[in-house]
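# Coordinate inspection notes
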Amino acid sequence: MTDPAVDAVRPGTGSASPAGTPPRGLDLDRLAAHLAAHRPDLAGGPLRARLIAGGKSNLTYLLAIGDREVVLRRPPLGHVLATAHDMAREHRVISALAPTGVPVPAPLLLCTDPAVIGAPFYLMERVDGTVYRSRAQTDRLTAGQRRDLAIAMMDTLATLHSVPPAEVGLADFGRPDGYLARQVHRWAGQLDRSRSRPLPGVDELRDRLAATVPEGANDGRIVHGDYRLDNLLATVEPVAVRAVLDWEMATLGDPLADLGLLLTYWDVLGDSDLAAGNPVADGLGPRAGFPTGTELIERYAGRADVDVGPLHWHVALGCFKLAVICEGIHYRHTLGQTLGEGFDQIGELVAPLVAHGLAATGERG
């Protein structure tokens, strides 16, 4: 990964320690001992770690083990919402998809014992590529590269939604029946656990979604749960998606949930005045020189056997879901439980997301 780090390389084992302390969320001594016992091929050299910038939920670290680099994922510090941040689920889905046409990092190790570093975690191979999340990055791309990158993003999503779950050992990965209704209920519950201030309109949006759940004609596909440009590792010479990241909310359900949330990032946040400099909205959408959401839908629909008719409802669900996620991050930030920069802006996105979600519930496919 070529994502920038926000913490210096820290001391490991087997060599003199450089100045500083380990990044928060890791106990390098316990980690080194665990690797020695369970993956000796990953042990024996100096162990150093740095926090990779950009992740706003689960924490991602780049580990240098001697001359080798791998990636560690663990839940956020404090205020971990029920059913979220499940490391075993992330590890299971990338393990299942590794032999398919969906690009994922190779899984290396799962540890469900929180005593090792303070939380469950897993290791995966480091994949070369860039996470494009800011205008400073995407402005350096040519118009052709931006278009090709958006097309590759949609083709990868269509490939994911075409993988039969049973053929990769994921038949029991979720409960497709009633998926959409459970999504509304789940995010309503997450909202209640993250409330720390008045949020006008959010309860009305929740109630409208609950009252208008479409029939799940597309249910039963593998759903990423947070598919967007900056959850991909990509290259532009040639243009390719090298890995899909951040599978913490993956399940079986309606693939339009992925498409609706992607359009929420792309057209709702990407076309907002709040997009500039915001860590979850900067560098996306037509304002940043990428194709329109309509073009993304057309590309996807031409490659996925999915009925996109009720997409407006899924955009409204995407707005609600992302508003809840942003509010949860805002809440953790007020408690001092976030690492990195940009969290002070996340809370500003909640109100426009709620407003757009309410408008989308009145649309028709």
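Quick notes on the rules
- Residues numbered from 1 in each chain as written.
- Predicted model: local features only at pLDDT ≥ 70, side-chain atom pairs only at ≥ 80, totals over all residues.
- Heavy atoms only, no water.
- Helix = DSSP H or I, 4+ residues; strand = E, 2+ residues; numbered from the N terminus.
- Contact = heavy atoms within 4.5 Å.
- Areas by Shrake-Rupley, 256 points an atom, 1.4 Å probe, with all protein chains shown as cover.
- Buried < 20%, exposed > 50% of the residue type's maximum accessible area, 1.4 Å probe, protein only.
- Core = buried A, V, L, I, M, F, W, Y, C linked by side-chain atoms within 4.5 Å.
- Domains from an automatic or database assignment.
- Salt bridge = Lys/Arg side-chain N within 4 Å of Asp/Glu carboxyl O.

### Comments concerning the overall build of the protein chain
Counting its regular elements, the protein chain contains 10 helices and nine strands. Counted over contacts in the protein chain with a minimum sequence separation of 6, partners at least 24 positions apart contribute 72%. Per element, the accessible surface of the protein chain, about 14,300 Å² overall, is 51% carbon and sulfur.

### Details of unusual backbone geometry
In this structure, Pro238 follows Glu237 across a cis peptide bond, with omega equal to 0 degrees. By secondary structure assignment, the location of Pro238 is in the loop between strand 7 (232-236) and strand 8 (239-244). A positive phi angle, near 60 degrees, is found at Asp246, a position not held by glycine. Relative to the elements of secondary structure, Asp246 occurs in the loop between strand 8 and strand 9 (251-253).

### Brief notes about the environment of Tyr122
One can find Tyr122 in strand 5 (residues 121-125). Tyr122 sits in the buried class, given a relative accessible area of 1%. The sequence separation of Tyr122 and Leu109 amounts to 13 residues, and the corresponding C-alpha distance is 5.4 Å. Not counting residues up to four positions away in its chain, the partners in contact with Tyr122 are Val71, Leu72, Arg73, Met87, Glu90, His91, Ile94, Leu109 and Leu110.

### Let's talk about the nonpolar core
What tends to happen in soluble globular proteins is that the nonpolar side chains get buried as a cluster. Grouped together as the largest cluster of nonpolar side chains are 86 residues, with contacts concentrated most on Leu97, Met153, Trp247, Phe320 and Leu353. In terms of residue count, the dominant contributor to this core is helix 9 (residues 311-334) (13 residues). Counting contributing residues, this core receives three or more from each of domain 1 (28-125) and domain 2 (130-362). The contacts of Leu97, once residues within four sequence positions are left out, are Val102, Val104, Leu160, Val163, Ile222 and Trp247. Formed by 23 residues, the second largest nonpolar core is a distinct cluster that contains Leu31, Ala49, Cys111 and Phe121.

### Quick look at the pattern of salt bridges
Evaluated as defined, the whole model comprises 22 salt bridges. Of the charged contacts, one joins Asp203 and Arg195 as a salt bridge, the two residues approaching to 2.5 Å between their closest N and O atoms. Across the pair Asp226 and Arg228 runs a salt bridge whose closest N-O atoms are separated by 2.5 Å. The exposure class of Asp226 is buried, given its relative accessible area of 11%. Of the residues examined, Arg228 reaches a relative accessible area of 7% and is grouped as buried. It is possible to trace a salt-bridge network through shared partners that takes in Asp192, Arg195, Asp203, Arg206 and Asp207.

By themselves, these observations are geometric and do not establish any function.
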